[in-house]
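Understanding the architecture of this molecule
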Amino acid sequence: MSRLTSCLPENLVSAVQANAADWQSGRKMQRLWQRDAGLWTNDDEAKWLGWLDISEEQIAHSTVFRGLANEVWSAGFKDVLLLGMGGSSLCPEVLRMTFGQIAGYPNLHVLDSTDPAQVKTCENTIDIARSLFIVSSKSGSTLEPNIFKQYFFERTQQVVGAQKAGSHFMAITDPGSPMQKVAEGDHFRLVYYGRPSIGGRYSALSNFGMIPAAVMGIETKKFLDRAQEMVKACGAEVPVAENPGAMLGIMLGTAAAAGRDKVTIIASRDISGLGAWLEQLLAESTGKIGKGIIPVDGEQLGPPEVYGNDRVFAYVHTEHATEVAAEAKIAALEKAGQPVVRIAMHDIYDLGAEFFRWEIATAVAGSIIGINAFNQPDVEASKVVTRELTSAYEQTGSLPAEKPVLEDDGIRLFTDEKNAAALARSADKSLAGYLQAHLSRIKAGDYFATLGYIQMNAEHERALQAIRHAVRDKKRVATCLGFGPRFLHSTGQAYKGGPNSGVFLQITCDDALELPVPGQKYTFGAVKAAQARGDFQVLTERGRRALRVHLQKDVAAGLAKLSAAMQKALP
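Residues numbered from 1 in each chain as written. Predicted model: local features only at pLDDT ≥ 70, side-chain atom pairs only at ≥ 80, totals over all residues. Heavy atoms only, no water.

1. Considering the packing of aromatic side chains
Cut-off, in case you're wondering: Aromatic pairing here means that ring centres of Phe, Tyr or Trp (its six-membered ring) are within 6.5 Å. Orientation follows from the plane angle: under 30 degrees is stacked, over 60 is edge-to-face, and everything else is tilted. Counting from the N terminus, the helices are DSSP H or I runs at least four residues long and the strands are E runs at least two residues long. With a 1.4 Å probe rolled over the protein chains alone, any residue whose accessible area is under 20% of its type maximum counts as buried; one over 50% counts as exposed, and the rest are partly exposed. The criterion is that NZ of a Lys, or CZ of an Arg, lies within 6 Å of the ring centre and within 35 degrees of the ring normal, and then a charge sits over that ring.
According to the stated counting rule, one finds 25 aromatic pairs in the structure shown. Here Tyr151 and Phe524 contribute two aromatic rings whose centre-to-centre distance is 5.7 Å and whose plane-to-plane angle is 85°, an arrangement assigned as edge-to-face. Of this pair, Tyr151 sits in helix 7 (residues 143-160) while Phe524 sits in helix 21 (residues 524-541), placing them 373 residues apart in sequence. Grouping residues by exposure puts Tyr151 and Phe524 together as buried. Following the ring pairs from residue to residue traces out a cluster consisting of Phe133, Phe148, Tyr151, Phe152, Phe153, Phe169, Phe188 and Phe524. Of note, Lys149 hangs over the ring of Phe153, and the distance from its end group to the ring centre comes to 4.2 Å. Residue placement shows Arg548 over the ring face of Phe414; its charged tip is 4.4 Å from the ring centre.

2. Brief notes about the pattern of salt bridges
Applicable threshold: Take a side-chain nitrogen of Lys or Arg and a carboxyl oxygen of Asp or Glu: if they are within 4 Å of each other, that pair is a salt bridge.
On inspection of all chains with the given rule, the structure shows 36 salt bridges. Between Arg342 and Glu334 there is a salt bridge, with the nearest N and O atoms lying 3.1 Å from each other. Given the relative accessible area of 18%, Arg342 is considered buried. We note a salt bridge from Lys496 to Asp535, for which the minimum N-O separation is 2.7 Å. Of this pair, Lys496 sits in helix 20 (residues 492-497) while Asp535 sits in helix 21, placing them 39 residues apart in sequence. Asp535 carries the same exposure label as Lys496, and that label is buried. Linked through salt bridges whose partners overlap, the residues forming this network are Arg35, Asp53, Glu57 and Arg195.

3. Remarks on the packing of helix 17 (residues 417-426) against helix 18 (residues 431-439)
To keep it simple, the criterion reads: Axis lines are fitted through C-alpha atoms, for helices just across the contact stretch, and the angle between N-to-C directions can take any value from 0 to 180 degrees. For classification, angles of less than 35 degrees are called roughly parallel, those exceeding 145 degrees roughly antiparallel, those between 65 and 115 degrees roughly perpendicular, and all remaining angles oblique. Handedness of a crossing is defined here by the sense of rotation of the near helix relative to the far one, left-handed for an anticlockwise turn of less than a right angle and right-handed for a clockwise turn. We call two residues in contact whenever any of their non-hydrogen atoms come within 4.5 Å of each other. The residue classification treats Ala, Val, Leu, Ile, Met, Phe, Trp, Tyr, Cys and Pro as nonpolar and Asp, Glu, Lys and Arg as charged. All others, Gly included, are polar.
Interhelical geometry of helix 17 versus helix 18 gives an angle of 110° and a closest axis separation of 9 Å. Of the possible angle classes, the one that applies to helix 17 and helix 18 is roughly perpendicular. Crossing of helix 17 over helix 18 shows right-handed handedness. Residues Leu423, Ala424 and Ser426 of helix 17 form the contact with helix 18, whose participating residues are Tyr434, Ala437 and His438. Classifying every residue of the contact of helix 17 with helix 18 gives 4 nonpolar, 2 polar and no charged.

4. Topic: helix 7
Selection rule: Here, expected helix span is obtained from the residue count minus one, scaled by 1.5 Å.
Taking 1.5 Å per residue, 18 residues should reach 26 Å; helix 7 reaches 26 Å between its end C-alpha atoms and fits that length. Among the residues of helix 7, Glu144, Pro145, Asn146, Ile147, Phe148, Lys149, Tyr151, Phe152, Phe153 and Thr156 are the ones counted as buried. Where helix 7 terminates, the next one or two residues include Gly161, which has phi positive at roughly 100°.

5. Brief notes about the sheet that holds strand 4 (residues 131-136)
Convention followed: Here, strands pair whenever DSSP counts at least two bridges between them.
The strand order across the open sheet built from 5 strands is 3-2-4-5-6, with neighbouring strands paired in parallel fashion. Since the sheet does not close on itself, it has two edges, and those belong to strand 3 (107-111) and strand 6 (190-193), each with one partner. For this sheet, the mean inter-axis angle between neighbouring strands, taken without regard to orientation, is 20°. Here 4 bridges tie strand 4 to strand 5 (residues 169-173), and the two strands are oriented parallel to one another. Note that in strand 5 the partner of Val135 across the bridge is Ala171. Running at roughly 140° to strand 3, helix 5 (residues 90-99) makes contact with strand 2 (79-83) and strand 3 of the sheet. Against the sheet, helix 10 (residues 207-215) contacts strand 2, strand 4, strand 5 and strand 6, and its axis sits at roughly 150° relative to strand 5.

So this is what it looks like as structure tokens:
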């Protein structure tokens, strides 16, 4: 089983020990396993703890997973495209990135973006005639999986015929959901069910993670056996000081309460996808009522001097994938007094164990922070605005007009009145001037988040990574990078509901490609634009410091202009 060690500053060690003693004397792990809502806020927490014993049930269903893998192989499917969002897609994406294509099994792809270029790129990557589509949606009513299904079902009908299209589709959804009815009506090959008492971000070991795992050829029994080892190690009667999930959660929760609320995730290359899953788990579970943990994924390690005293570093790696450069940098951070937690996995099958360890840790940290770790009250707010905007598009054929606060060399800036007034006081009337004024609002203990509603590809990611690291190095603050709309179902909760310490730069664009959504007047581009506007509106309604940069159709050229302006804005 994977090993947990830590190197913490003395003041944090004593606080962690005090909290561990409290958890032991208060029998709080027993209360957690007894599903005692009073451990959090005495709200509805008890009804969301079905993930505690899911791995044992899944092990008992191992023959089902093997049978599914054999059926998909026998049917001759070459590609599997999972259509999902948030908790329904992030675990499969980690598995895809970690295990790759396994010999003799189809190649798993994941679509979790409404960007039309990304949808089309995904379509061009697969052979529809030999593809199986997994529509993954817990509620069955989530916008994105539904329109993905509409699009690819129509395309499959065009390729293989209306009679055969359903045999290329399967669904994972909760019993009785609208998606179950769609699957039955369209004669899907298979429907698998989630457990209603498991929320999306805690669903990795449920069918939402294990069905895609089986399809792509992962040995699910081996994966779940590793998870079950961790379940036992985190059990109710294990002394808290020896409980690997409880101790990680106590460290994270204690650190957050002491002002170290930015958890910087460093994962070895062979498990680099784990960070995106941890982002959702930590941010959506803890970031609410002005409190929470802000996860930092994908930020390159720097020298100790670029970090403030608001960080905890979590270094997760497999035993054979330790990297000399990373080890040296982490050792330097420890020497400088930064708290570092190390987790050494035996191999990639230990991901099953890590999923459960971090779920327990998040629940424990949520208790210490004092929030309900299982709801997401602020995610719905931007969904409401998105629905209003897409409904308006259905009625009028366009989104409501907007007025920029600045136009400069083909780039337009948007924000609300309050932010606009704050920026106008100190900005010269140029792109670089407004950016400088915006970045000048970053102070110690804040974080900077770049939110890109553009196609998620290597070129765009490199450009946005360069921007975030320039801000990190100049401003000495934590930085985040998310692609929309996927982060809305992940870190978006903490950005809107967590501590008001974020400074946000949203990036949108005109779409070079228009892609219709079958059965709707709106297009994928209109949905993405509505999601970006809904996201931004709620950020500003919550008093966040936010600026939106809108690029033209040539996104690469727009990003080059933005990067040049950022360099001027960060003297």
